[in-house]
Structure formats: C-alpha cells, structure tokens
Amino acid sequence: MRVYIDPKFSNDVNARLIYLCVGMSPYAQLIVDRVNIYCVTSDVVDYVCPPWMRRYIDPECLEKMKGRIKEFMDRFSEEVSEVESIERVFEKFWGVISECRTSWGVEIFRACYKNLDISEARELEKFGVSAEPGPNIFLAIDRIKTSAMNISKKIGTQIKEAFIGVLALSLIHETFHAYTDISGKKYSYEVWHTIIEESLATYTEYLYVKRRFIPIFIADMENMPLEYRAWEYWRVHAPNRILHNIVSRCWVQSAVIPQCVVLYPIFHSIFWPIPVGVPSPRYPHFIDILHEYFAMLGPGWHRFFHKVILPALKLSKQKQEILWQLLAINILKYMLQI
C-alpha cells in the first residue's frame, strides 16, 4: 500500500497514522497490498469524485414526505397488481424518494474511493499527484480538518483527537467501498443501492473504530444524509460483527443465495435471521422459506408472493435486486418510523 501525502499536510498526517487508522478496518488485510491512499487537497478529491454525482437523501425533506411515502408503501401490492410489473413500481417509488436527493458538505466530500484507469491516473498529474491506476482512496485532509474542528467545538474534545477520529472513520468507510469493488460489486448511484452500500459502510465505522472515537462518530452522523444515518437499522437488526459480516458478504457477492443466506422480514420491523445453506439453485429451501414468510403476513401478501414475487424470482438478476430493493424499502420504513 502506497501512502502519498501532499507536502501541505506533512504536519497533520504521516504514513504511520494512516496505517494505524487502516488497521482498524476489518478489510485491512484485503486492501493493504492492493489499495493506495492519497492525502490531498479538496480540489483533487472533487476532480476524482465530482460532487454533482454524489447526491444523497436529505432526512428533513424525507420526513416532510412521510405521509406520501407511507401511502405508497401501504398500496405497494395494489400498485404492482395494477401495472403488473414490480420493476415499474420500484422505479416509481425510488423516483419519489430521489426528489429529496441533494448535494452535501465537507462531511461527504472529505474522502472517496475510486478504481482509476490509466488515463484518469495520468490526469491527476496536473495537480502534482503521481497516482497509480487501480484501487485508490483519496482523503481531502483540509476538509477532514474542518470536520474535526466542527466536531471538536460540538463535543468539547481536543482538535487533534477529533482529527484522528474523523480520519479513522473516513478510512474505515472507504475501505468498505474498496472491499466491495475489489470483490466485484460495482458502486451504483441508484437510490436503493446507495441506501444499502452507504449504511453498511457507515455501520462498519461504528463496529470497528476504537471505542474512544464513538462520541466523534455520533457527532459526525448529525450532519450526514439518510443513507449514512441508516447505519442505525443495522445496529438493531444485525447487532454484532458476525451478522454484519454475513450481510456484507451477501451484498458483496451480488447474490441472495451465497453459501449462507440471511433473510429479513421485508415488510415488518422485527429481525428474523435464518441461516440457510443454499449452495446451488437445486435446493428449493430458499424459495420455500420465502413463501412461508409471505404466507405468515396474511392472505393478501400470500397472493402477492405467487402473482408477483415468485415469477420475478425466476431470473437470477431480478431475484437479487428485488429482495435488496425490498430491504432498502424496509430500511426507509425503519428510519421514518412508519
């Protein structure tokens, strides 16, 4: 792992501190020989990961739309029956949610992960940064300092301690994105995808950062978009590192049938993890358990399973996305307390 530090920040950060922070991540061993880290200015980060692409959900906007969202969720099965396409209903629903997407400040734009191609790496030479193609994490040290200063004032901790805490949180978060990308899960700015990916990445911060930095983490969350704040869902529904790792592995493998599957109550708030060994589609247990679950929800949902879910699950890509999108909807339900 190569660590580049802009000379402007030589008094703020060093390679040893970067290694210590990366070492908190559960994915440190995976990325240490594959990912480079660049401590640069904010203009470099904005060039690599343009702010106009990184729009996320405003929780206050979503709260104002709570009634409209609840009505849509209550009519979900009816909507599918009317249009006879669950994909079109998803498209309509996420279109409503995307109305609350907006740009964010230094908290979001202080770090980013990018798998650079050769031309993208060469373009950074105009900033004086000799970047290598491949997986890279970019840290805007000036913005991390600003975040640290804001948090220091908010919770009364020393600025240096706040800086190290924010640096560690940023690196743990970005190593999760590195882990998913290196494992073959490509990032998408679709609303449901960012809800799952960013909430899991943020929950990774909470689980693995040193405990002394938890007050900094909590303070940091106050200025984050909904996708990041949704880490709270996992704290309740996957309340330990083991379950977090299982869920993350399911997500990264781009499949709902990895070696071990965790099923979630898609429309209820009670967590129901069921490890089921499903090594290949020859095993019908996954569909059987899903069928039983929808049957437990009542006659209406039972019919909905046979008319909509079961036909859609015949195609593997649809199978994956349908269940993950339903989970993303469940996360929204939890966050809005619907």
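Treat the numbers as computed from the prediction; the structure is a model and nothing was measured.

**Let's talk about the overall build of the protein**
Assigned secondary structure in the protein consists of 19 helices and eight strands. For the protein, the residues scored as buried account for 55% of the 338 residues in total. At a minimum sequence separation of 6, the contacts of the protein that also span at least 24 residues come to 74%. When the accessible surface of the protein is split by element, carbon and sulfur atoms take 53% of a total near 15,200 Å².

**Some words on the packing of helix 11 (residues 159–182) against helix 12 (residues 191–208)**
Following both chains from N to C, one finds helix 11 and helix 12 inclined at 130°, their axes separated by 8 Å at the closest point. Considered as vectors, helix 11 and helix 12 are oriented oblique to each other. The way helix 11 lies across helix 12 gives a crossing that is right-handed. From helix 11, Leu169, Ile172, His173, Phe176, His177 and Thr180 reach across to helix 12, where they touch Glu197, Glu198, Leu200, Ala201, Thr202, Thr204, Glu205 and Tyr208. Here the residues of the contact of helix 11 with helix 12 are counted per class, giving six nonpolar, five polar and three charged.

**Side note on the packing of aromatic side chains**
If you walk through the whole model with that rule in mind, you get 19 aromatic pairs. Geometrically, the ring pair formed by Phe76 and Phe90 is tilted, given 5.7 Å between the ring centres and 50° between the ring planes. Here the residue Phe76 occupies a position in helix 6 (residues 76–83), and Phe90 occupies one in helix 7 (residues 86–98), the gap between them amounting to 14 residues. Seen in terms of ring centroids, Tyr206 and Phe217 are 5.7 Å apart; in terms of plane orientation they differ by 45°. Their pairing is tilted. Taken together, the residues span a long stretch of sequence, with Tyr206 in helix 12 and Phe217 in helix 13 (residues 214–221) at a distance of eleven residues. Per residue, the accessibility class of Tyr206 equals that of Phe217, and both read buried. In textbook terms, an aromatic cluster arises when at least three aromatic residues are bridged by ring pairs, as seen for Tyr203, Tyr206, Phe217 and Trp231. Above the face of the Trp251 ring, Lys185 is positioned so that its terminal group lies 3.8 Å from the ring centre.

**Regarding the side chain of Ser170**
Mapped onto the elements of the fold, Ser170 is located in helix 11. Ignoring sequence-local partners within four residues, the contact set of Ser170 consists of Arg110, Ala111, Leu139 and Ile144.

**A closer look at helix 7**
A rise of 1.5 Å per residue sets the reference length of helix 7, with its 13 residues, at 18 Å; its end C-alpha atoms lie 18 Å apart and thus fit the reference within 8%. Those residues of helix 7 not exposed but buried are Ile86, Val89, Phe90, Phe93, Trp94, Val96 and Ile97. Looking straight down helix 7, one finds its buried side chains confined to an arc of 150°; they lie on one side. Away from the buried face of helix 7 by more than 90 degrees, exposed residues Arg88 and Glu91 are located.

**A look at the nonpolar core**
Counting 96 residues, the largest nonpolar core has Phe76, Trp94, Leu139 and Leu167 as its most contacted members. The element that contributes the greatest number of residues to this core is helix 11, accounting for 13 residues. Not counting chain neighbours up to four residues away, the residues in contact with Trp94 comprise Val191, Trp192, Ile195, Gln325, Ala328, Ile329 and Leu332. One finds Val40, Cys49, Phe138 and Ala140 within the second-largest nonpolar core, a separate group that totals 15 residues.

**What to know about the sheet that holds strand 1 (residues 3–5)**
Spatial strand order, 1-2-6-5: four strands in an open sheet with mixed pairing. The open sheet has two free edges, formed respectively by strand 1 and strand 5 (111–116), since each of these has just one partner strand. Ignoring strand direction, the axes of neighbouring strands in this sheet form an average angle of 20°. As paired elements, strand 2 (residues 36–40) and strand 6 (residues 134–140) share five bridges and run parallel to each other. Residue Asn36 lies in a different strand from strand 6, and its bridge partner there is Asn136. Seen against the sheet, helix 11 touches strand 2, strand 5 and strand 6 and runs at an angle of roughly 30° to strand 5.

**Remarks on a nonpolar patch on the surface**
A cluster of nonpolar side chains, Trp52, Met53, Tyr187 and Tyr189, forms an exposed patch at the surface whose accessible area comes to about 420 Å². Mapped onto the secondary structure, Tyr189 falls in the loop between helix 11 and helix 12.

**Topic: the packing of helix 11 against helix 16 (residues 241–252)**
For any two helices packed against each other, the geometry comes down to the angle between their axes and how far apart the axes lie. Here helix 11 crosses helix 16 at 45°, and the two axes come no closer than 9 Å. On the basis of their axis angle, the class for helix 11 and helix 16 is oblique. The crossing of helix 11 and helix 16 is right-handed. Taking contact as the criterion, the partners of Phe176, Tyr179 and Thr180 in helix 11 are, on helix 16, Ser248, Arg249, Trp251 and Val252. Its residues placed into classes, the contact of helix 11 with helix 16 shows four nonpolar, two polar and one charged.

The rules behind the values
- Residues numbered from 1 in each chain as written.
- Predicted model: local features only at pLDDT ≥ 70, side-chain atom pairs only at ≥ 80, totals over all residues.
- Heavy atoms only, no water.
- Helix = DSSP H or I, 4+ residues; strand = E, 2+ residues; numbered from the N terminus.
- Buried < 20%, exposed > 50% of the residue type's maximum accessible area, 1.4 Å probe, protein only.
- Contact = heavy atoms within 4.5 Å.
- Areas by Shrake-Rupley, 256 points an atom, 1.4 Å probe, with all protein chains shown as cover.
- Axes fitted to C-alpha atoms, helices over the stretch in contact; angles between N-to-C directions.
- Parallel < 35°, antiparallel > 145°, perpendicular 65-115°, else oblique.
- Left-handed = near helix turned anticlockwise from the far one by under 90°.
- Nonpolar A, V, L, I, M, F, W, Y, C, P; charged D, E, K, R; others polar.
- Phe/Tyr/Trp six-rings, centres within 6.5 Å; stacked < 30°, edge-to-face > 60°.
- Lys NZ or Arg CZ within 6 Å of the ring centre and 35° of its normal.
- Expected span 1.5 Å × (residues − 1).
- Arc of directions from axis to C-beta.
- Core = buried A, V, L, I, M, F, W, Y, C linked by side-chain atoms within 4.5 Å.
- Pairing = 2+ DSSP bridges.
- Patch = residues over 30% accessible without salt bridge, like charges linked within 9 Å, V, L, I, M, F, W, Y side chains within 5 Å.
- Salt bridge = Lys/Arg side-chain N within 4 Å of Asp/Glu carboxyl O.

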